[in-house]
Amino acid sequence: MFSEISAAVSGALWIFEKFNAMACVEFAATLGSVLLMIVTFPLSLFWSFKVVQEYERAVIFRLGRLRTGGARGPGIFFVLPCIDSYCKVDLRTVSFDVPPQEALTKDSVTVTVDAVVYYRIRDPLNAVVKVTNYSNSTRLLAMTTLRNILGTRNLAEVLSDREAISHAMQTSLDVATDPWGVKVERVEIKDVSLPQQLQRAMAAEAEASREARAKVIAAEGEMKASRALKEAADVLHQSPAAIQLRYLQTLNNISAEKNSTIVFPLPIDLVSYFVNLKGGSEASHVI
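Given the structure is predicted, the values throughout are model-derived calculations rather than measurements.

1. Description of the nonpolar core
Of all hydrophobic cores here, the largest spans 32 residues; its most connected members are V98, V113, V117, Y134, L146 and M169. Among the elements of the structure, strand 2 (56–62), strand 6 (94–104), strand 7 (110–121), helix 4 (134–150), helix 5 (155–160), helix 6 (162–177) and strand 8 (182–193) are those that each provide at least two residues to this core. Ignoring sequence-local partners within four residues, the contact set of V117 consists of V94, S95, F96, V98, A142, M169, L173, V184, R186 and V187.

2. Points about helix 6
Taking 1.5 Å as the rise per residue, helix 6 with 16 residues should run 22 Å; its terminal C-alpha atoms sit 22 Å apart, in good agreement. Among all positions of helix 6, only I165, S166, M169, L173, D174 and T177 are buried. Here the buried residues of helix 6 occupy an arc of 160 degrees about the axis, which is enough to place them on one side. Opposite the buried face of helix 6, at more than 90 degrees from it, the exposed residues are E163, H167 and V175. Considering only its buried residues, helix 6 is in contact with strand 6, strand 7, helix 4, helix 5 and strand 8.

3. Describing the sheet that holds strand 7
Read across the sheet, three strands follow the order 6-7-8 without closing on themselves; strand pairing throughout is antiparallel. Looking at the sheet topology across the chains shown, the edges are occupied by strand 6 and strand 8. This sheet shows a mean twist of 25 degrees between the axes of neighbouring strands, independent of strand direction. On top of the sheet, helix 4 reaches strand 6, strand 7 and strand 8; it is set at about 35 degrees to strand 6, its chief contact.

4. As for the packing of helix 4 against helix 6
Packing of helix 4 against helix 6 leaves a shortest axis separation of 10 Å and a crossing angle of 135 degrees. The orientation of helix 4 with respect to helix 6, classified from their angle, is oblique. At the point where helix 4 passes helix 6, the crossing takes the right-handed sense. Residues T138, L141, A142, T145, L146 and I149 of helix 4 pack against I165, A168, M169, S172, L173, A176 and T177 of helix 6. A class-by-class count of the residues in the contact of helix 4 with helix 6 yields nine nonpolar, four polar and no charged.

5. A few points about a nonpolar patch on the surface
A cluster of nonpolar side chains, contributed by F41, L43, L45, F46, W47, F49, V51, I76 and F78, occupies part of the molecular surface with about 980 Å² of accessible area. At the level of elements, helix 2 (44–48), strand 1 (49–52) and strand 4 (75–78) are the ones that each hand at least two residues to the nonpolar patch. Along the chain, I76 falls in strand 4.

6. A word on a negative patch on the surface
Among the surface-exposed residues, D107, E157, D161 and E163 lie close enough to one another that they form a single negatively charged patch. Within the secondary structure layout, E163 lies in helix 6. A relative accessible area of 57% means that E163 is categorised as exposed.

7. Focus on the sheet that holds strand 2
With antiparallel pairing, three strands are arranged side by side in an open sheet as 3-2-5. Each edge of the open sheet carries a strand with a single partner, namely strand 3 (65–66) and strand 5 (84–90). Note: strand 2 against strand 5, seven bridges, orientation antiparallel. Note that in strand 5 the partner of E56 across the bridge is D90.

The rules behind the values
- Residues numbered from 1 in each chain as written.
- Predicted model: local features only at pLDDT ≥ 70, side-chain atom pairs only at ≥ 80, totals over all residues.
- Heavy atoms only, no water.
- Core = buried A, V, L, I, M, F, W, Y, C linked by side-chain atoms within 4.5 Å.
- Buried < 20%, exposed > 50% of the residue type's maximum accessible area, 1.4 Å probe, protein only.
- Helix = DSSP H or I, 4+ residues; strand = E, 2+ residues; numbered from the N terminus.
- Contact = heavy atoms within 4.5 Å.
- Expected span 1.5 Å × (residues − 1).
- Arc of directions from axis to C-beta.
- Pairing = 2+ DSSP bridges.
- Axes fitted to C-alpha atoms, helices over the stretch in contact; angles between N-to-C directions.
- Parallel < 35°, antiparallel > 145°, perpendicular 65-115°, else oblique.
- Left-handed = near helix turned anticlockwise from the far one by under 90°.
- Nonpolar A, V, L, I, M, F, W, Y, C, P; charged D, E, K, R; others polar.
- Patch = residues over 30% accessible without salt bridge, like charges linked within 9 Å, V, L, I, M, F, W, Y side chains within 5 Å.
- Areas by Shrake-Rupley, 256 points an atom, 1.4 Å probe, with all protein chains shown as cover.
- Salt bridge = Lys/Arg side-chain N within 4 Å of Asp/Glu carboxyl O.
- Lys, Arg positive; Asp, Glu negative; His and termini not counted.
- Charge placed at Lys NZ, Arg CZ, Asp CG, Glu CD.

In structure tokens form, the structure reads like this:
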């Protein structure tokens, strides 16, 4: 028991001594930097005062450690020469194109889809400390996310429901990049490319469907026209004078057109007389 206590005490002393040594080194480096700034005054002002724009933030490290107080900016901030380093982070929205990704849909169809992603830095500290290159990491993650989402959709959904795919991709990217301090604002599907053989097959299917609908519509029109002709024939049969009026109307329509057709009006009664005469002679021959 005494050996365990002594080991714990010695470990605590070693940590305390190491902490004191590090604190002494940091204090000495800070003091030397301040003395250097004083000696080189006013030239040191050009090294110590930095400026960041309204859309930028500066993350400062002192002897490799992140300084407290968060990111600096916008405006002027102060750094000590030789011991302070800083990294600028742009807070504006950045857009990039996702290269065309070839993926297999849920119904085993190969499609090529490309997209565009809009993102911005929400937390500059996490963007610098927790990821090496947030821009490149976001691009790679966007490509893999697009392929994964396409694998869960049918071809009809990919072609007709792009908004749902964009929203699902944005939600997945936003959740994945949140620890990096990145906010994915918008994702848009740009184009969906299909293989040439599949395009020809779909075009043939659409053409056959249009032709089938056209035939059905034409058949329905013929049926309606036949019914109308039957009704018109019934009306003309009930009124013999209507046949003469229809005959005169047809002549009027023909004469109104600019053509070389010569029309000889022939009374309907005369035609009916010859028709009846012919019918009587045929009946007498039969007898």
